[in-house]
Amino acid sequence: MSWDDSRGKGLIEANAAFYRAFADGDLRAMSALWADHDDLVCIHPGHERLTGRSPVLASWFAILENPPPVRTSDARAVPLGQAGLVTCTEAIGNNRLAATNAFEWDGEAWRMVLHQAGPVLAEDRREPGRGPSGAVH
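Residues numbered from 1 in each chain as written. Predicted model: local features only at pLDDT ≥ 70, side-chain atom pairs only at ≥ 80, totals over all residues. Heavy atoms only, no water.

### Examining the overall build of the chain
Here comes step 1: When helices and strands are tallied, the chain shows three helices and six strands.
Here comes step 2: If you take every contact in the chain between residues at least 6 apart in sequence, the share linking residues at least 24 apart comes to 44%.
Here comes step 3: Summing over all exposed atoms, the chain offers an accessible surface of approximately 8400 Å²; the carbon and sulfur share of this is 50%. (Helix = DSSP H or I, 4+ residues; strand = E, 2+ residues; numbered from the N terminus. Contact = heavy atoms within 4.5 Å. Areas by Shrake-Rupley, 256 points an atom, 1.4 Å probe, with all protein chains shown as cover.)

Structure representation (structure tokens):
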């Protein structure tokens, strides 16, 4: 396995650990997964951006008091030196969300520095081969 392959596998494993903590309502595991500094960002679907370790973890602790059932699929890793991205699809109830999770290597493990998720337009509402209509950015 090449260095890039092993880093990609490590990112996928860190991402899976994040979703296990989410699904299990595991506060300790969730806290350990996030980097231990204030350059953290989390954007929950339909909410304002949260920055800093305390606000980000407080939001997760509130969610984990009664975690919704969450499943993920199609995780893809993009190693970027000492950082990396994982994109995936989240299924929470009948909702499908596209998620981007960013991690940094702290010398021992991949630690999360960003989570952002947003709704995905239902497939049956799009014309074949077309993405969302209108300007997105």
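Moving on, there is more to tell.
### Brief notes about the nonpolar core
Here comes step 1: By size, the foremost hydrophobic cluster in this structure holds 29 residues, and its most contacted members are Phe18, Tyr19, Phe22, Met30, Trp34, Trp60 and Phe103.
Here comes step 2: Considering every element that reaches this core, the biggest residue donor is helix 1 (residues 3–24), with seven residues.
Here comes step 3: Discounting residues that sit within four places of it in the chain, Trp60 has contacts with Phe18, Phe22, Met30, Trp34, Cys42, His44 and His115. (Core = buried A, V, L, I, M, F, W, Y, C linked by side-chain atoms within 4.5 Å. Buried < 20%, exposed > 50% of the residue type's maximum accessible area, 1.4 Å probe, protein only.)

### Comments concerning the side chain of Glu90
Here comes step 1: Residue placement: Glu90 occurs in strand 4 (residues 83–92).
Here comes step 2: Salt bridges are absent for the buried Glu90, whose nearest opposite-charge side chain, Arg96, sits at 11 Å.
Here comes step 3: For Glu90, the side chain forms a polar contact with the side chain of Tyr19, separated by 2.5 Å.
Here comes step 4: If we skip the residues at most four places from it in the chain, Glu90 touches Tyr19, Arg71, Thr72, Asn95, Arg96, Leu97, Ala99, His115 and Ala117. (Lys, Arg positive; Asp, Glu negative; His and termini not counted. Salt bridge = Lys/Arg side-chain N within 4 Å of Asp/Glu carboxyl O. Polar contact = N/O pair within 3.5 Å; in protein donor to acceptor, adjacent residues only side chain to side chain.)

### A closer look at helix 3 (residues 53–64)
Here comes step 1: With 12 residues, helix 3 ought to run about 16 Å at 1.5 Å a step, and its terminal C-alpha atoms sit 16 Å apart, in line with that.
Here comes step 2: Along helix 3, the residues that are buried comprise Arg53, Val56, Leu57, Ser59, Trp60 and Leu64. Seen from one end, helix 3 has its buried residues packed into an arc of 155 degrees, which puts them on one side. (Expected span 1.5 Å × (residues − 1). Arc of directions from axis to C-beta.)

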